[in-house]
Amino acid sequence: MNPTSNGEFDVLNGAPYGVVDACVSGSLQGNPAAVVQLDRDLPDSTLLRIAQLLDEPVTAFLTQRADLGSYDLRWFTRNCELRICGHATLAASAWLLGRLGDGQPVEWHTKAGVLTADQAEGKVRVSLPETTLHSMDSETTQQLAAALGADPKECYVAGDDYLAVLDAGEKVMEFKPDIAAIERLACRGVIVTAEYPSMTGEELDYDIVSRMFAPRIAIPEDEVCVSAHLALYPFWTHRLGRQRLKALQPSPRGGALELESRTRGRVSVTSECRVNTNEIWGTEGGRSVRATV
């Protein structure tokens, strides 16, 4: 897709943009995000309209700062701005690192603080802040269980989200959400998780499995929610006694990511990313580059 200006977006003519799939692996298609590089920040209403026009789950807007390798980064869904979005940060990092081509890390300045990104063995790695879990009161636990139509082993508040721990990975994979019921909950989204199902005599491909539902922010099921793993990592490292985790998100597109902690209070997220388009806004036909980052 190559949007052309009808006058409303003339300010963007000549701006580089692209679409990137984050957290791809084998047959897993990952989670798409649009990336737009601006020469200056624009009004929130304009950024939201651009995100709606590009029509990806999330659009990342980046603007270069005075310091070399340093950028402002913001994320918009089709109906709101996000405080943090991990998969769109991976996508923006893959897109920008590929364009720069100098092998140097980049620094993102965001509403969630400063994030760093680099490349390692053909994958993109981003350092993100860990999300602290808090206990959930009994009334909210009952509301969550009713919305899920399930009886979770444990329930927590994870930042703006609710986290439900199920007793089997198969239940996460087979879970059929009631999106309307989840939307009525007083949270951004709901994460359901379990240990990856054990296959007797087989080496496990993954350690944990999860899915994420966020209809309130126009994402009924998040294909791969990296920010959810900022809460899942500390929970599962404590339970499993492992410092490095491989995570599967069995959404319709599916995605995978690797998690570890190199600095206390932060989660290092590594994934493969695929740059699908790399174009210039407003040019007739644009440019298109297909590559694996």
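Once a new chain begins, its residue numbering starts again from 1 and follows that chain's sequence as written. For this predicted model, a pLDDT threshold of at least 70 governs which residues receive local features, and a threshold of 80 or more governs which side-chain atom pairs are given and counted, while totals over whole chains, interfaces and linings are taken from all residues. Hydrogens are left out, water is left out, and the side-chain values use all remaining heavy atoms of the structure.

1. Thoughts on the overall build of the protein chain
Rule in force here: Counting from the N terminus, the helices are DSSP H or I runs at least four residues long and the strands are E runs at least two residues long. Each residue is assigned to one of three classes by its accessible area relative to the maximum for its type, calculated with a 1.4 Å probe on protein chains only: buried under 20%, partly exposed between the two thresholds, exposed over 50%. By definition in these notes, contact holds between two residues if any of their heavy atoms fall within 4.5 Å.
On a plain count of helices and strands, the protein chain comes out with six helices and 18 strands. Principal axes of the C-alpha set define a box for the protein chain whose edges measure 55 × 40 × 35 Å. The buried share of the protein chain, taken over its 293 residues, is 54%. The long-range fraction of contacts in the protein chain, counting pairs at least 24 apart against all pairs at least 6 apart in sequence, stands at 63%.

2. Details of the pattern of salt bridges
Short version of the rule: Salt bridges are counted wherever a side-chain nitrogen of Lys or Arg sits within 4 Å of a carboxyl oxygen of Asp or Glu.
What the rule picks out here adds up to 18 salt bridges. The shortest N-O distance in the salt bridge between D118 and R125 comes to 2.8 Å. Classification of D118 as partly exposed rests on a relative accessible area of 23%. With a closest N to O distance of 2.8 Å, R211 and E221 form a salt bridge. Taken together, the residues span a long stretch of sequence, with R211 in strand β13 (residues 208–214) and E221 in strand β14 (residues 219–222) at a distance of 10 residues. Take R211: its relative accessible area is 6%, and that puts it in the buried class. Residues joined in a network through salt bridges with shared partners are D41, D44, R74, E81 and K111.

3. Observations concerning the packing of aromatic side chains
Heads up, the rule is: Any Phe, Tyr or Trp ring, taking Trp's six-membered ring, that has another such ring centre within 6.5 Å forms a pair; planes under 30 degrees apart are called stacked, those over 60 apart edge-to-face, and the others tilted.
In total, this model carries eight aromatic pairs according to the counting rule given. The interplanar angle of 80° and the centroid separation of 5.9 Å between the aromatic rings of F61 and F76 together place this pair among those described as edge-to-face. In this pair, F61 sits in strand β3 (residues 59–64) while F76 sits in strand β4 (residues 70–76), placing the two residues 15 residues apart along the sequence. Of the residues examined, F76 reaches a relative accessible area of 3% and is grouped as buried. Aromatic rings pair up to connect F9, Y17 and W281 into one cluster.

4. Digging into the state of the cysteines
To keep things clear, this is the line we draw: When two cysteine sulfur atoms are found within 2.5 Å, that pair is recorded as a disulfide.
Under the definition given, this model contains zero disulfides. Not engaged in a disulfide, the cysteine C23 finds its nearest cysteine sulfur in C273; these two sulfurs lie 6.3 Å apart. When its relative accessible area of 0% is taken as the criterion, C23 is described as buried. The cysteine C225 is free of any disulfide, with C85 supplying the nearest cysteine sulfur at 7.2 Å.

5. Some points on unusual backbone geometry
Phi is positive for C23, close to 70°, though the residue is something other than glycine. The backbone of D55 shows a phi angle near 60°, a positive value even though the residue is not glycine. Its relative accessible area of 44% is what places D55 among the partly exposed residues.

6. Re the side chain of T77
Selection criterion: In protein, a polar contact means a hydrogen-donor-capable atom and an acceptor-capable atom, both N or O and within 3.5 Å, with residues adjacent in sequence counting only if both atoms are side-chain atoms; elsewhere, any N or O pair within 3.5 Å suffices.
Secondary-structure assignment places T77 in the loop between β4 and β5 (81–82). For T77, a relative accessible area of 0% puts it in the buried group. A distance of 3.0 Å separates polar atoms of two side chains, one belonging to T77 and the other to N79. Among the polar contacts made by the side chain of T77, one reaches the main-chain carbonyl oxygen of I217 at a distance of 3.3 Å. Sequence-distant contacts of T77, that is, excluding residues within four places in its chain, are made with L48, A51, P57, V58, L82, I217 and I219.

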